[in-house]
Amino acid sequence: MGASGVGGGDKRNVNSDLNLVPYIDLLSTLICFLLITAVWQQIDAMSTTASDPNAASAPSTPDPNRVDFSVSLYQDRIEAAAGPQKSSFPFMGGQPDYQSLIALLQTWKQRWPDRHDVTLHSDSQAPYKNLIGLMDALAEAEFSDVGINTH
Amino acid sequence: MKRSKTVVKPGYHIRPKYDLEALRERRHGGGGNKFGVPELPLVSMIDMFTILVIFLLMNFSATGEIFFIPKELKLPEAKHSRPIESAPLITVTSGQVILETEQVGSNPVTLTENDINLPQLSRALRNMKEMALVERPDKPFKGQINIQADETTPLVYIKRVMQTCISEGWTGINFAVRGTGSGTETGVQ
């Protein structure tokens, strides 16, 4: 691997080999470091915000024309309500029918394009993945301000 | 005239009968490489190393989150998730509630909505909040916390952890999920 140098008065070989040893060392070190620090499972997050009950908030008068959006997760169905209008989506084959819910949420979005807030209620025995699925469906319908009722 | 004697290194003389001088020279680095010890094909090895480095660099995450996910815990999937941020992690398994690496509560088999008390978790969260306020008095407390749980966990176990977090001022709750989408920001806040 050494370089056969140029020099001397005679006609010598001017080709030189690149010294690959430091390059291989660098690559080996990099591979070891990257393998150790590699993240093989992509972990993301779904977020929700909650108001601090201890924080003092200014009293505000509720708007009588404001429509409250809520989605309720049960063990066998999902119920969505925009004010007094309620819709129920029974589970299909044991799985929540997210597509029908998204279609309804999109109609809400067309009617109230400035609204992003939804309150999410859930049955205590419903599985956690259904809550995440519901939040995912709300995110798909561009409802970004999801509040979860923990009671 | 006096002849000077110089001491020379003794040569190969153990069994000169069987000595193959040319082969010996090649083995010790002299001569060409027509036969004898073959050279390692380094070019293909460097190619492989380079491809490996590029692949690993593409998967490299510089955000520094290290999540310990227990074997029995399978995170739910979500398409519209966003990259998780570094924050204290609460793990809810079938039997216990763990804050970072410390057990701060247990999950009984039967749990009603009235069993919301997690005093150890409350105390630990309070301490963490006080520490954060002491460490960064000039910055407002964000109250971000990450929760990870198995996808089949009944929501009552998650709710009581959430209630405890909210009551202690940790209102920015993030659920850890396995991202299956394009990884774009969803806007869920």
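What this report covers is the structure whose coordinates are included nearby. (Residues numbered from 1 in each chain as written. Chains lettered and ligands numbered in written order. Predicted model: local features only at pLDDT ≥ 70, side-chain atom pairs only at ≥ 80, totals over all residues. Heavy atoms only, no water.)

## Regarding the overall build of chain B
We count it as follows: Each helix corresponds to a stretch of at least 4 residues labelled H or I by DSSP, and each strand to a stretch of at least 2 residues labelled E; elements are numbered beginning at the N terminus. By definition in these notes, contact holds between two residues if any of their heavy atoms fall within 4.5 Å. Shrake-Rupley sampling with a 1.4 Å probe provides the accessible areas, and residues are treated as covered by the protein chains on show and by no other component.
The secondary structure content of chain B amounts to 4 helices and 7 strands. Order of helices (α) and strands (β) in chain B, N terminus to C terminus: α-α-β-β-β-β-β-α-β-α-β. The contacts of chain B with a sequence gap of at least 6 include a subset with a gap of at least 24, amounting to 67%. For chain B, the accessible area works out to roughly 12,800 Å², and carbon and sulfur atoms hold 56% of it.

## Some thoughts on the overall build of chain A
Our working definition: Exposure classes here rest on a 1.4 Å probe applied to the protein chains alone. A residue is buried below 20% of its type maximum, exposed above 50%, and partly exposed in between.
Of the regular secondary structure elements, chain A holds 3 helices and 6 strands. When the helices and strands of chain A are read in sequence order from the N terminus, they spell out α-β-β-β-β-α-β-α-β. For chain A, with 151 residues in total, the buried portion stands at 38%. Of the contacts made within chain A by residues no fewer than 6 positions apart, 57% connect residues no fewer than 24 positions apart. Entry remark: accessible area of chain A is about 9,100 Å², with carbon and sulfur atoms responsible for 53%.

## Details of the packing of helix α2 (residues 98-111) of chain A against helix α3 (residues 128-140) of chain A
All names here are of chain A. Keep this limit in mind: In this analysis an axis means a line fitted to C-alpha atoms, helices contributing only their contacting stretch, and an angle means the value between N-to-C directions, from 0 to 180 degrees. Throughout, a crossing is termed right-handed when the near helix is turned clockwise from the far one, and left-handed when it is turned anticlockwise from it by less than a right angle. Amino acids are sorted into nonpolar (Ala, Val, Leu, Ile, Met, Phe, Trp, Tyr, Cys and Pro), charged (Asp, Glu, Lys and Arg) and polar (every other residue, Gly among them).
Orientation of α2 relative to α3, taken along the N-to-C sense of each, is 35 degrees, at an axis distance of 9 Å. Crossing of α2 over α3 shows right-handed handedness. The residues of α3 that touch α2, namely those facing Y98, L101, I102 and L105, are K129, N130, G133, L134, A137, L138 and E140. Taken together, the residues of the contact of α2 with α3 break down into 7 nonpolar, 2 polar and 2 charged.

Interpretation note: all reported values are geometric properties and have no functional meaning in isolation.
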